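What follows is each chain in one-letter form.
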Amino acid sequence: LLGEENGGFKCIMHNFNHERWYIVAGANRASRLVVEECYKWANQRVVFGNPLIAQPVIRNKLARITSLVEGVHAWLEAITYQMQHMTHAEQANHLAGPIALLKLFCTRSANVVSDEACQIFGGRAITQTGMGKVVEQFQRSAKFAAILGGSEEIMAELGVKQAMRGFPNARL
């Protein structure tokens with residue numbers, strides 16, 4: 001017997017919040033590692049006599065992916081704090097939607113990080129060894145986070161439905 005009789009589904013649903021939190025933590029850590037590799041590569045790769053980082057378009061790409069990773073991290077920290085100060089019932093009521101939206105934001109951000117990293121690394125991004133190894137592995141595995149724990153469409157639906165519950169006269 002899982003939880004109270006006829007309460008197993010509710011117990012499983014509470015677990016989804018923690019599963020999704022874990023997925024976000026892992027996916028954002030992987031994104032952060034890719035961003036770190038991009039900084040290393042852009043500083044050491046010399047193109048036309050200058051480091052790659054000297055190119056404004058590369059700095060723009062680095063700024064974009066850095067801000068996405070830091071944004072996910074800040075939101076994850078806020079959710080983590082709330083999870084530590086709420087019961088499971090309160091989490092299910094107040095955090096299921098925000099956690100779902102965080103997972104959506106994290107996985108969409110990971111796709112951008114993956115795409116921009118490939119642009120920064122060029123042909124090295126498709127090599128399974130050497131400097132491009134981390135980027136190539138991320139390209140293959142980043143989509144798992146979008147699928148596990150609920151697809152992006154399900155996360156968006158859950159997040160919006162939970163947000164609408166707090167609106168006056170909401171009819172969902």
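Attention in this report is confined to the structure presented alongside it. Here the structure is a predicted model, which is why all the values come from computation and not from measurement. (Residues numbered from 1 in each chain as written. Predicted model: local features only at pLDDT ≥ 70, side-chain atom pairs only at ≥ 80, totals over all residues. Heavy atoms only, no water.)

**So, the pattern of salt bridges**
Under the defined criterion, the tally for this structure stands at eight salt bridges. The salt bridge involving R32 is made with E70; its shortest N-O contact spans 2.7 Å. Highlighted residues: R32 in helix α1 (residues 8-44) and E70 in helix α2 (residues 56-84), separated in sequence by 38 residues. Under the relative-accessibility criterion, R32 is labelled partly exposed at 26%. Among the salt bridges present, the one from R140 reaches E136, with a minimum N-O distance of 2.8 Å. Of this pair, R140 and E136 both sit in helix α5 (residues 133-147), four residues apart, roughly one helical turn. Its relative accessible area of 51% is what places R140 among the exposed residues. Where salt bridges share partners, they join E36, E37 and K40 into one cluster. (Salt bridge = Lys/Arg side-chain N within 4 Å of Asp/Glu carboxyl O. Helix = DSSP H or I, 4+ residues; strand = E, 2+ residues; numbered from the N terminus. Buried < 20%, exposed > 50% of the residue type's maximum accessible area, 1.4 Å probe, protein only.)

**Some remarks on the side chain of R20**
On the secondary structure map, R20 appears in helix α1. Of the side chains with opposite charge, E19 comes closest to the buried, unpaired R20, at an N-O distance of 6.2 Å. Once you skip the residues sitting within four places of it in the chain, R20 turns out to touch I99, K103, G149, M155 and L158. (Lys, Arg positive; Asp, Glu negative; His and termini not counted. Contact = heavy atoms within 4.5 Å.)

**What about the nonpolar core?**
V34, C38, L62, I65 and I120 are the most contacted members of the largest nonpolar core, which has 24 residues in total. Those elements that provide at least two residues to this core are α1, α2, α4 (96-121) and α5. When residues of this core are assigned to their parent elements, the largest contribution, seven residues, is made by α4. If near-sequence neighbours (up to four positions away) are discounted, V34 is found in contact with V113, A117, V134, V135 and F138. (Core = buried A, V, L, I, M, F, W, Y, C linked by side-chain atoms within 4.5 Å.)

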